[in-house]
Amino acid sequence: MELTPHFGSSFRPSCPRCQQSFRGRPILLSLPVREILSVCLCRYLQNDNISLLLRDRSGFVCLWARFGFVNATRGVVDIIAASFPDLRDIRLTLDRLRKEAGRNGAWRLQTALAEGNEMQSFFLQSGFSVEGRKKDAYRIGTEPRAAMLLGSLLEAPRHGPMPEPSDPGPRQTAKAVEIVAAHPDYAAAYLEFDRAVRAETPNLLRTSSEIPSSFSEYKERLCAFNGSDSGSWLAIVSPGTVAGAITGVTPFGPFAEGDVALWIAVRKAYWRQGIGRCLMDALVNWGRIRGVRRLTAEVLSTNDGARAFYLRNGFEVEAVRPLAVFLHGIHLEGLVMGRQI
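Residues numbered from 1 in each chain as written. Predicted model: local features only at pLDDT ≥ 70, side-chain atom pairs only at ≥ 80, totals over all residues. Heavy atoms only, no water.

## Digging into the overall build of the protein chain
Thought 1: Helix and strand counts for the protein chain stand at seven helices and 14 strands.
Thought 2: In the protein chain, buried positions account for 51% of the 341 residues.
Thought 3: Approximately 15,800 Å² of the protein chain is accessible, and the part contributed by carbon and sulfur atoms is 50%. (Helix = DSSP H or I, 4+ residues; strand = E, 2+ residues; numbered from the N terminus. Buried < 20%, exposed > 50% of the residue type's maximum accessible area, 1.4 Å probe, protein only. Areas by Shrake-Rupley, 256 points an atom, 1.4 Å probe, with all protein chains shown as cover.)

Okay, here's the thing in structure tokens:
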């Protein structure tokens with residue numbers, strides 16, 4: 001096996017579906033992986049994220065892995081796709097990946113395999129463990145299949161206290177709440193909301209230093225939020241004031257299009273007024289219209305408020321992921337929560 005990490009940007013491959021060029025440090029797809037990844041990759045290979053690829057003896061890509069998109073997950077390496085003509089090569093490939101990822105600051109490897117995939121036993125023999133099971137996450141043909149979540153730790157956890165959340169100020173009463181589709185016209189209000197909500201809670205992975213800095217970037221973000229594979233809504237409590245937001249995105253992979261990953265936040269000043277439930281209802285209705293099977297949320301195990309919110313809205317804990325993030329100088333455990341719709 002030849003491990004070929006791409007840390008430079010000297011080449012600009014194209015998405016295998018839409019053929020658009022993207023910047024960053026992506027993999028160079030080649031058969032047989034190209035046949036598996038017959039979906040648009042553009043939104044997964046942006047923002048200078050680093051990808052690692054392994055080639056087999058014939059020169060074909062047999063495994064593609066990527067580092068996390070934000071600082072808190074930069075050391076989490078996700079194995080996105082793998083194709084092994086000879087299954088005996090799996091352990092050697094994973095050993096090489098583990099060494100290369102560790103040299104580049106990774107603290108964790110993870111992947112998801114369809115239940116019953118014959119590769120699972122090879123992963124377990126290579127030091128991975130089963131961390132949970134996402135119900136009905138895949139659809140292979142007409143058959144529903146669970147996703148087995150596997151993980152392997154590369155370093156010992158660093159512990160410490162979480163920072164205290166900032167004071168959001170006095171509680172506000174939302175006399176009337178309007179749930180609207182996220183639209184570029186709300187860019188200024190969304191900018192203010194996004195900056196405020198990240199300043200008042202330590203539980204969001206993307207910190208204030210990692211969000212867009214200009215009004216135009218927020219307009220572009222709101223345009224992207226309502227693409228063909230995502231949907232987003234805002235809770236408007238007064239002209240120019242956003243109290244909450246929710247976004248759902250179809251995850252990567254040709255078999256997981258019915259499993260939508262979501263992000264939701266509500267300003268603390270407007271907690272316990274039903275705004276989160278209204279936003280969730282909007283996402284559920286959108287998903288049902290589009291044939292979505294399930295929703296997936298990932299939260300920190302220390303975030304008791306978020307976990308309680310999801311449980312009230314029909315979610316259950318499906319997996320526990322050690323060292324899921326490195327935030328505020330400590331490793332934190334992540335929970336994968338799911339709901340059928």
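## Re helix α5 (residues 215–225)
Thought 1: What α5 keeps buried is the set Tyr-218, Arg-221, Leu-222 and Phe-225. Axial view of α5: buried residues confined to an arc of 95°, hence all on one face. Across from the buried face of α5, at angles greater than 90 degrees, the exposed residues are Glu-220 and Ala-224.
Thought 2: Of the surrounding secondary structure, the elements contacted by the buried residues of α5 are α4 (187–200), β9 (230–238) and β10 (241–249). (Arc of directions from axis to C-beta. Contact = heavy atoms within 4.5 Å.)

## Quick notes on the pattern of salt bridges
Thought 1: Summed over all chains, the structure comprises 19 salt bridges.
Thought 2: For Glu-100, the salt bridge goes to Arg-103, with nearest N and O atoms at 2.7 Å. Residue Glu-100 and its partner Arg-103 are both found in helix α2 (residues 90–103); the two are separated by three residues, about one turn of the helix.
Thought 3: Here the salt bridges do not stand alone but share partners, grouping Lys-134, Asp-259, Arg-294 and Glu-318 into one network. (Salt bridge = Lys/Arg side-chain N within 4 Å of Asp/Glu carboxyl O.)

## Observations regarding the environment of Gly-274
Thought 1: With respect to the helices and strands, the residue Gly-274 is situated in the loop between β11 (259–266) and α6 (275–289).
Thought 2: Linking Gly-274 and Val-177, residues 97 residues apart in sequence, is a C-alpha distance of 9.4 Å.

## Some points on unusual backbone geometry
Thought 1: Despite not being glycine, Arg-272 shows a phi value in the positive range, around 60°.
Thought 2: Take Arg-272: its relative accessible area is 73%, and that puts it in the exposed class.
Thought 3: Even without a glycine there, the phi angle at Leu-323 is positive, about 55°.
Thought 4: Look at Leu-323 and you get buried, because its relative accessible area is 6%.

## Here's the deal with the environment of Ala-189
Thought 1: Turning to its location among the elements, Ala-189 is positioned in helix α4.
Thought 2: Remark: the alpha-carbon pair of Ala-189 and Tyr-218, spanning 29 residues in sequence, is separated by 9.8 Å.
Thought 3: Among all residues touching Ala-189, those that are not within four sequence positions of it are Gly-240, Thr-241 and Val-242.

## What about the pairing of strand β6 (residues 129–140)?
Thought 1: Here β6 runs beside strand β7 (residues 143–153); their pairing, made up of eight bridges, is antiparallel. Within the sheet, the bridge partner assigned to Gly-132 lies in β7 and is Leu-149.
Thought 2: Between β6 and β7, which pair antiparallel one after the other, the connecting turn spans two residues, and Gly-141 there sits at a positive phi close to 70°. (Pairing = 2+ DSSP bridges.)

## A word on α4
Thought 1: In this model, α4 (14 residues) spans 20 Å end to end at C-alpha, consistent with the 20 Å of a helix rising 1.5 Å per residue.
Thought 2: Within α4 the residues assigned to the buried category are Ala-187, Ala-189, Tyr-190, Leu-191, Phe-193, Asp-194, Ala-196, Val-197, Arg-198 and Glu-200.
Thought 3: Residues of α4 that are buried make contact with α5, β9, β10 and β11. (Expected span 1.5 Å × (residues − 1).)

## Some details on the nonpolar core
Thought 1: Of all hydrophobic cores here, the largest spans 29 residues; its most connected members are Leu-262, Ile-275, Met-280, Leu-295 and Tyr-310.
Thought 2: At the level of secondary structure, the elements contributing two or more residues to this core comprise β9, β10, β11, α6, β12 (294–300), α7 (304–312) and β14 (330–340).
Thought 3: Among the elements that make up this core, the one with the highest residue count is α6 (seven residues).
Thought 4: Core analysis: the second largest hydrophobic core is formed by 21 residues, Leu-52, Leu-97, Leu-113 and Phe-128 among them. (Core = buried A, V, L, I, M, F, W, Y, C linked by side-chain atoms within 4.5 Å.)

## So, the packing of aromatic side chains
Thought 1: Taken as a whole and judged by the stated rule, the model has seven aromatic pairs.
Thought 2: The interplanar angle of 80° and the centroid separation of 5.1 Å between the aromatic rings of Phe-123 and Phe-128 together place this pair among those described as edge-to-face.
Thought 3: Among the residues examined, Phe-123 registers a relative accessible area of 1% and is labelled buried.
Thought 4: Taking the centre distance of 6.0 Å and the plane angle of 70° together, the rings of Trp-233 and Trp-286 count as edge-to-face. Remark: Trp-286 occurs in helix α6 and Trp-233 occurs in strand β9; sequence separation between them is 53 residues. Each member of the pair, Trp-233 as well as Trp-286, is classed as buried.
Thought 5: Of the aromatic side chains, those joined through ring pairs into one cluster are Tyr-190, Phe-193 and Tyr-218.
Thought 6: A cation sits over an aromatic face here: Arg-221 above Tyr-218, 5.8 Å from the ring centre. (Phe/Tyr/Trp six-rings, centres within 6.5 Å; stacked < 30°, edge-to-face > 60°. Lys NZ or Arg CZ within 6 Å of the ring centre and 35° of its normal.)

## A few points about the side chain of Glu-200
Thought 1: Counting through the fold element by element, Glu-200 comes out in helix α4.
Thought 2: Side-chain polar atoms of Glu-200 contact the side chain of Arg-267, separated by 3.0 Å.
Thought 3: Excluding anything up to four places from it in sequence, Glu-200 contacts Pro-165, Ser-166, Pro-168, Val-266, Arg-267 and Lys-268. (Polar contact = N/O pair within 3.5 Å; in protein donor to acceptor, adjacent residues only side chain to side chain.)

## Things to note about the confidence of the model for the protein chain
Thought 1: The predicted model of the protein chain averages 81 in pLDDT, with 82% of residues at 70 or higher.
Thought 2: Taken together, the stretch residues 1–49 has pLDDT below 50 and engages in 127 contacts with residues farther than four places along the chain or on a different chain. (pLDDT = per-residue confidence, 0-100.)

## A short note on the pairing of strand β4 (residues 76–82)
Thought 1: The sheet contact formed by β4 and strand β5 (residues 108–114) spans four bridges and is parallel. Within β5, the position partnered with Val-76 by the bridge is Arg-108.
Thought 2: With respect to chirality, the unit in which β4 leads through α2 into the neighbouring parallel β5 is right-handed. (Right-handed = clockwise from strand over helix to strand, strands pointing away.)

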